[in-house]
Amino acid sequence: MKDNPSPLEKSTDRRGFIQKAGTLAAGAVVAGETGLWAPRVQSQEKKKLGYALVGLGGLSTNQIAPGLEKTEHSRLAGIVSGTPSKIEKWKAKYNLPARNCYNYDNYDQIATNPDIDVIYVVLPNGMHPEYTIRGAKAGKHVLCEKPMANSASDCQAMINACKDAGKKLAIGYRCQFEPNNIECMRLAREKVFGDLKMIDAGFGFRIGNPDQWRLKADLAGGGALMDVGIYALQACRFLAGEEPVEISAQETKTDPMKFAEVDESIVWTMKFPSGVLAYCSTTYNFSGINRFSAHCDKGWFSLDPAYSYGGIKGRTSKGDVIEKPVIDQFANEMDNFSKCILEGRESQVSGEEGMRDLKVIEAIYRSIRTGRTVKV
Ligand code: NAD
């Protein structure tokens, strides 16, 4: 199962996005944070931070590990898995030393492993808080997959744990590192088509196997909205550049057996302080929604598909095509986080950013439960 039901990766041209870090002026910060560099190395070489992937499922196998082969500042250094056969397979495939392979019981011993700088949590959503908090307590920076957690209060606990440990936290919002999405952010920010008035965004697909964790409330936290509706929500928030204040939502369940524990299809509207309105949709019951359109007072721009791993493209009301070169979004996302760590700055996809989405998601579920428009 993937977030993206359509054919995925293509080439890996990363022009124009990752800036070349010719010199790392932040050498002193790096040494201070990791304690690993000898002084001579600090001044002369770029360091690739070592990532340990926690959870070796579909995303780790098909996107993240391949992405780590295209990074400049990040490398696969370790793994954490509950399945011994997977550990053996990954060890052989990626030439990983046994000392860098952990299971869920001895995971905390990663604290003493200097090869690992960053934990990348790629487990079912409900497990994100525990493995983020344990990772932070082990003294590692944490990149955690979306959605950050099942609740905003869990997000807060994750943020607190990383702050207490003096470590950075980022969420796997890969679209923020995708050039077509970035171009649309620019069109909105620079008001190329005038003031933004209305956004239409949606993402959905037909989910298969009824026994998978994505349909279990404790592991998934919710259904289509938590899994892929969050992309439409993110798009609206980054296009509007502000936080929604009012939400109204409706859900429909046409298969109450399969979707007994989680949502099947939801539509929701959001009102932003400037008056921008957004109408959004998400589903686990059919394919074909993967887009956003931004309508402004002098024209519009849109992406369709908007959230795929590759092949993202769009149009504008001027007749222009938006189609930037395909890049590896995961490679960009991880390198961006590594650079934030190396340069001692916060990620644009910080834990706080992840928690903002969970607050809106909770408001959407609240609106569905109460049948009312709710404040965020
Ligand atoms: P997956 O089902 O393919 O893999 C989940 C992994 O967790 C498996 O290795 C499984 O063995 C392990 N696991 C440990 N305990 C488990 C338990 N109790 N129940 C089920 N699995 C357990 O899932 P995935 O598609 O790799 O998704 C993992 C995370 O990545 C999720 O948070 C998901 O939302 C996110 N994700 C993000 C993207 C993206 O584009 N950013 C795409 C897919 C998934």
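Computed from a predicted model, the values in this text were never measured in an experiment.

### A few points about the nonpolar core
By size, the foremost hydrophobic cluster in this structure holds 109 residues, and its most contacted members are Leu239, Trp268, Met270, Phe301 and Tyr307. Here the element with the most residues in this core is helix 9 (residues 224-240); it accounts for 13 residues. A domain split of this core shows at least three residues from each of domain 1 (41-174) and domain 2 (179-326 + 355-375).

### Topic: the confidence of the model for the chain
Chain-level pLDDT for the chain is 90 on average; 88% of the residues reach the 70-or-more range. Here helix 1 (residues 27-34) stands out as the least confident element of the chain, with mean pLDDT 28; strand 5 (residues 141-144) is the most confident, with 99. When the criterion is pLDDT under 50, residues 1-45 qualifies, and its contacts beyond four places in sequence or with other chains add up to 98 contacts.

### Let's talk about a nonpolar patch on the surface
Taken together, Met198, Leu277 and Tyr279 make up a surface patch of nonpolar side chains, about 250 Å² in accessible area. Inspection of the secondary structure assignment puts Leu277 in strand 10 (residues 277-283). By relative accessible area, Leu277 is classed as partly exposed at 37%.

### Looking at the side chain of Ser74
Within the element layout of this structure, Ser74 appears in strand 2 (residues 74-80). With a relative accessible area of 0%, Ser74 lands in the buried category. Of note is the side chain of Ser74, whose polar atom sits 2.8 Å from the side chain of Asp335.

### What about the sheet that holds strand 6 (residues 169-171)?
Reading across the sheet, the 6 strands line up as 3-2-1-4-5-6 and stay open at both edges, with parallel pairing between neighbours. Only two strands of the sheet have a single neighbouring strand rather than two, namely strand 3 (101-102) and strand 6.

### Structural notes on the layout of surface pockets
Computed from the structure, the largest pocket encloses a volume of approximately 530 Å³. As for the largest pocket, its lining consists of 30 residues, and the residues nearest its centre are Gly58, Leu59, Val122, Trp213 and Arg214. Contributing elements (two or more residues each) for the lining of the largest pocket: helix 3 (58-68) and helix 9. Here the lining of the largest pocket is composed, by residue class, of 12 nonpolar, 10 polar and 8 charged. Two domains each donate at least three residues to the lining of the largest pocket, and these are domain 1 (41-174) and domain 2 (179-326 + 355-375).

### Digging into the site of the ligand
Near the ligand there are 26 residues, and of these Gly58, Asn125, Lys146, Arg174 and Trp213 occur at the shortest range. Between an oxygen atom of the ligand and a main-chain N or O atom of Gly57, the distance comes to 3.1 Å. Contacts to the ligand include Arg214, whose side-chain N or O atom sits 3.0 Å from an oxygen atom. Here the ligand loses 81% of its free accessible area of 830 Å² to cover by the protein chains. Because more than half of its atoms lie within 2 Å of the grid, the ligand is assigned to the largest pocket. Elements that contribute at least two residues to the shell around the ligand include exactly helix 3 and helix 9. Along the lines of polarity and charge, the residues of the shell around the ligand split into 14 nonpolar, 5 polar and 7 charged. Among the domains, domain 1 (41-174) and domain 2 (179-326 + 355-375) are the pair contributing at least three residues each to the shell around the ligand.

### With respect to the pattern of salt bridges
Across all of its chains, the model carries 21 salt bridges by this definition. With a shortest N-O distance of 2.9 Å, Glu183 and Arg186 are connected by a salt bridge. With Glu183 and Arg186 both in helix 7 (residues 179-189) and 3 residues apart, this pair spans about one turn of that helix. For Arg186, a relative accessible area of 33% puts it in the partly exposed group. Among the salt bridges present, the one from Glu190 reaches Arg186, with a minimum N-O distance of 2.8 Å.

### Notes on helix 7
Across the 11 residues that make up helix 7, a large majority, 8, are buried. Among all positions in helix 7, only Pro179, Asn180, Asn181, Glu183, Cys184, Met185, Leu187 and Ala188 are buried. In this structure, the buried side of helix 7 is in contact with helix 9, strand 11 (290-296), strand 12 (299-303) and strand 14 (321-322). Backbone geometry just after helix 7 places Lys191 at a positive phi near 50°.

### A word on the environment of Leu143
Mapped onto the secondary structure, Leu143 falls in strand 5. The exposure class of Leu143 is buried, given its relative accessible area of 1%. Through-space distance from the C-alpha of Leu143 to that of Ala170 is 4.8 Å; in sequence the pair is 27 residues apart. Beyond its immediate chain neighbours, meaning those up to four positions away, Leu143 contacts Tyr51, Val118, Ile119, Tyr120, Val121, Ala170, Ile171, Gly172, Glu333, Met334 and Phe337.

### Topic: the pairing of strand 7 (residues 196-204)
With 7 of its 9 residues buried, strand 7 lies for the most part within the structure. Pairing of strand 7 with strand 11 involves 7 bridges; the strand directions are antiparallel. For Leu196, the partnering residue across the bridge sits in strand 11 and is Cys296.

### Here we look at the packing of aromatic side chains
By the definition in use, this model includes 11 aromatic pairs. With a centroid separation of 5.9 Å and an interplanar angle of 50°, the aromatic rings of Tyr231 and Tyr307 are classed as tilted. Separated by 76 residues along the polypeptide, Tyr231 in helix 9 and Tyr307 in the loop between strand 12 and strand 13 (314-316) bring together distant segments of the chain. The exposure class of Tyr231 is buried, given its relative accessible area of 7%. Members of the aromatic cluster, joined through ring pairs, are Phe203, Tyr231, Phe292 and Tyr307. Here the guanidinium or amino end of Lys318 rests over the ring plane of Phe193, the centre of that ring lying 5.1 Å away.

The rules behind the values
- Residues numbered from 1 in each chain as written.
- Predicted model: local features only at pLDDT ≥ 70, side-chain atom pairs only at ≥ 80, totals over all residues.
- Heavy atoms only, no water.
- Core = buried A, V, L, I, M, F, W, Y, C linked by side-chain atoms within 4.5 Å.
- Buried < 20%, exposed > 50% of the residue type's maximum accessible area, 1.4 Å probe, protein only.
- Helix = DSSP H or I, 4+ residues; strand = E, 2+ residues; numbered from the N terminus.
- Domains from an automatic or database assignment.
- pLDDT = per-residue confidence, 0-100.
- Contact = heavy atoms within 4.5 Å.
- Patch = residues over 30% accessible without salt bridge, like charges linked within 9 Å, V, L, I, M, F, W, Y side chains within 5 Å.
- Areas by Shrake-Rupley, 256 points an atom, 1.4 Å probe, with all protein chains shown as cover.
- Salt bridge = Lys/Arg side-chain N within 4 Å of Asp/Glu carboxyl O.
- Polar contact = N/O pair within 3.5 Å; in protein donor to acceptor, adjacent residues only side chain to side chain.
- Pairing = 2+ DSSP bridges.
- 1 Å grid on protein atoms, 1.4 Å probe; cavity = no way out; pocket = protein on both sides within 12 Å on 5 of 7 lines; lining within 4 Å.
- Points joined across faces, edges and corners; volume = space filled by probe spheres on them.
- Nonpolar A, V, L, I, M, F, W, Y, C, P; charged D, E, K, R; others polar.
- Near = heavy atom within 4 Å.
- Sits in = over half its atoms within 2 Å of the grid points.
- Phe/Tyr/Trp six-rings, centres within 6.5 Å; stacked < 30°, edge-to-face > 60°.
- Lys NZ or Arg CZ within 6 Å of the ring centre and 35° of its normal.

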